[in-house]
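Coordinate inspection notes
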Amino acid sequence: MAIFADMIQTVAIAGAGTMGSGIALSAALAGYQVILLDTWEGALDKACSSIQQNLRTMVQKGKLAEDELPTVWERIQTSADPEACVADLIIEAIVEKLEAKTALLLRLAAVNTPHCIIASNTSSLSITDIQTNLPQPHRVAGLHYFNPAHIMKLVEVIRGKHTHEDTIQQLVHFSKQLGKTPVVCTDAPGFIVNRVARHFYLESMKAVENGTATVEQIDAIMEATGFKMGPFKLMDMIGMDINLAVSQSLYEAFGHEERFRPSDLQVQKVQQGALGKKTGKGFYQYD
Ligand SMILES: NC(=O)c1ccc[n+]([C@@H]2O[C@H](COP(=O)([O-])OP(=O)(O)OC[C@H]3O[C@@H](n4cnc5c(N)ncnc54)[C@H](O)[C@@H]3O)[C@@H](O)[C@H]2O)c1
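Remember, it's a predicted structure, so these values are computed and weren't measured experimentally. (Residues numbered from 1 in each chain as written. Predicted model: local features only at pLDDT ≥ 70, side-chain atom pairs only at ≥ 80, totals over all residues.)

What follows covers the packing of helix H7 (residues 193-209) against helix H10 (residues 240-253). Helices that pack against each other are described as a pair by the angle of their axes relative to one another and the distance between those axes. Where H7 meets H10, the axes come as close as 11 Å, and the angle between the chain directions of the two elements is 115°. Put simply, H7 runs roughly perpendicular to H10. The interaxial crossing formed by H7 with H10 has left-handed handedness. Across the interface between the two elements, Asn194, Arg195, Arg198, Tyr201 and Leu202 of H7 pack against Asn243, Val246, Ser247 and Leu250 of H10. Among the residues making up the contact of H7 with H10, the classes are represented as four nonpolar, three polar and two charged. (Axes fitted to C-alpha atoms, helices over the stretch in contact; angles between N-to-C directions. Helix = DSSP H or I, 4+ residues; strand = E, 2+ residues; numbered from the N terminus. Parallel < 35°, antiparallel > 145°, perpendicular 65-115°, else oblique. Left-handed = near helix turned anticlockwise from the far one by under 90°. Contact = placed C-beta atoms within 7 Å. Nonpolar A, V, L, I, M, F, W, Y, C, P; charged D, E, K, R; others polar.)

Okay, here's the thing in structure tokens:
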């Protein structure tokens, strides 16, 4: 494993939204130089505030020494220019659309060396589809974090059809450097967690739609049974647009099987712009 120790020093994270900001913080805490890219300036400002807030919380909870805070913070640079994202590892965390991911990753591949590893944080798109369009497909894999990315330990490392074993091992090593627990998965729809958890969300929404129970009742019951968060609180944290995109992706991948059919409730929420915490309103209201 020691041979991988110095291969990744700079990490570029594309997309400074819910996941990108947490992934950036996680990498900076582990000592990596980070470039956080977003083409929307407002996202970079929001990400910086959220990272600073999370760092202050860590200090208050005694998880980070106060004098280390500036050092961690200074490891994170921001950029709105993909051409400035020269790194050893790129972690893509933009909108859940194959065309958008491919277009950005082609631009990033063009300014990086063939040794650069490209990892996608996609929740449900095929890694094989993503890597097929890129110049070094064997250097491309999935690296699927969970929300909040600086706290959750699990990371799925996804092997696409063309991913080289060396790429997988470097991502496993990198994940361990971050204090994560990497699990290597095959490139199947929803990988492991999003496939299994789909019914946690979909069945809960269907129960609300047909009047079996309310949002609040289901969350309270699931939390009382031991889940840290009920499905509706969790969907608000994930983002309704992302959750719907994952439902749609699995529904397609499983040949429109009824059990994966997206709920009308989540479609309505997205149409209303009630995307959850990030817009201040989802199933619940946030200040
Ligand atoms: N939200 C979750 O709980 C969660 C968990 C695991 C994985 N994911 C995956 O992570 C990815 C990002 O999800 P998110 O919840 O952080 O989304 P988000 O909507 O919070 O953030 C996406 C960010 O990407 C930026 N962006 C869009 N197109 C861009 C481009 N071409 N170049 C640079 N930046 C661009 C947007 O401005 C936005 O700030 C998705 O693929 C999603 O499936 C999400």
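Next, the rest of the story.
Another aspect to go through is the domain arrangement of the protein. What the domain assignment reports for the protein is domain 1 (2-186) and domain 2 (194-278). Its C-alpha centre places domain 1 at a distance of 26 Å from the equivalent point of domain 2. In this complex, domain 1 contributes six residues to the contact, which on the side of domain 2 involves 10 residues. When grouped by side-chain class, the residues that make up the side of domain 1 that touches domain 2 number one nonpolar, four polar and one charged. (Domains from an automatic or database assignment.)

The full set close to the ligand counts 28 residues, and Gly15, Gly17, Met19, Ala43 and Asn147 are the nearest of them. In terms of residues, the shell around the ligand owes the most to one element, helix H1 (residues 18-29), which gives three residues. Across the shell around the ligand, the residue classes break down as 14 nonpolar, 11 polar and three charged. Here the shell around the ligand spans two domains, since at least three of its residues come from each of domain 1 (2-186) and domain 2 (194-278). (Near = placed C-beta within 6 Å.)

Helix length check: helix H6 (residues 165-177) (13 residues) gives 18 Å between terminal C-alpha atoms against 18 Å at 1.5 Å per residue, within 8%. For H6, every residue scored as buried is listed here: Thr167, Gln170, Leu171, Val172, Phe174 and Ser175. In this structure, the buried side of H6 is in contact with strand S4 (89-92), strand S5 (117-120), strand S6 (140-144), strand S7 (154-159) and strand S8 (181-186). Immediately beyond the C-terminal end of H6, within one or two residues, lies Gly179, with a positive phi of roughly 80°. (Expected span 1.5 Å × (residues − 1). Buried ≥ 20, exposed ≤ 12 C-beta atoms within 10 Å, placed from the backbone.)

This next bit is on unusual backbone geometry. With an omega of 0°, the peptide bond running from Asn147 to Pro148 counts as cis. Within the fold, Pro148 resides in the loop between S6 and S7. Its identity is not glycine, yet Phe191 carries a phi of approximately 55°, on the positive side. Summarising the element assignment, Phe191 is placed in the loop between S8 and H7.

Attention now goes to the environment of Ile168. In this structure, Ile168 sits in helix H6. Judged by the 18 C-beta atoms lying within 10 Å of it, Ile168 falls in the partly exposed class. Separated by 10 residues in the primary sequence, Ile168 and Ile158 place their C-alpha atoms 7.8 Å from one another. Apart from residues lying up to four places away in sequence, Ile168 is in contact with Ala141, Val157, Arg159, Thr163 and Val184.

Once that is clear, we can look at the packing of H10 against helix H11 (residues 264-272). As a packed pair, H10 and H11 sit with axes 9 Å apart at the nearest point and diverge in direction by 135°. Taken together, H10 and H11 sit at an angle that is classed as oblique. Relative to H11, H10 is oriented so that their crossing is left-handed. Between H10 and H11, the contacting residues are Met240, Asp241, Asn243, Leu244 and Ser247 on the first element and Gln266, Val267, Lys269 and Val270 on the second. Among the residues forming the contact of H10 with H11, the class breakdown is four nonpolar, three polar and two charged.

So, about the sheet that holds S5. Pairing is mixed across the open sheet formed by eight strands, whose spatial order is S3-S2-S1-S4-S5-S6-S7-S8. Each of the sheet's edge strands pairs with one partner strand only, and the pair in question is strand S3 (76-79) and S8. This sheet shows a mean twist of 25° between the axes of neighbouring strands, independent of strand direction. Here three bridges tie S6 to S7, and the two strands are oriented antiparallel to one another. Each residue of the ladder has a partner; that of Leu143, found in S7, is Val157. (Pairing = 2+ DSSP bridges.)

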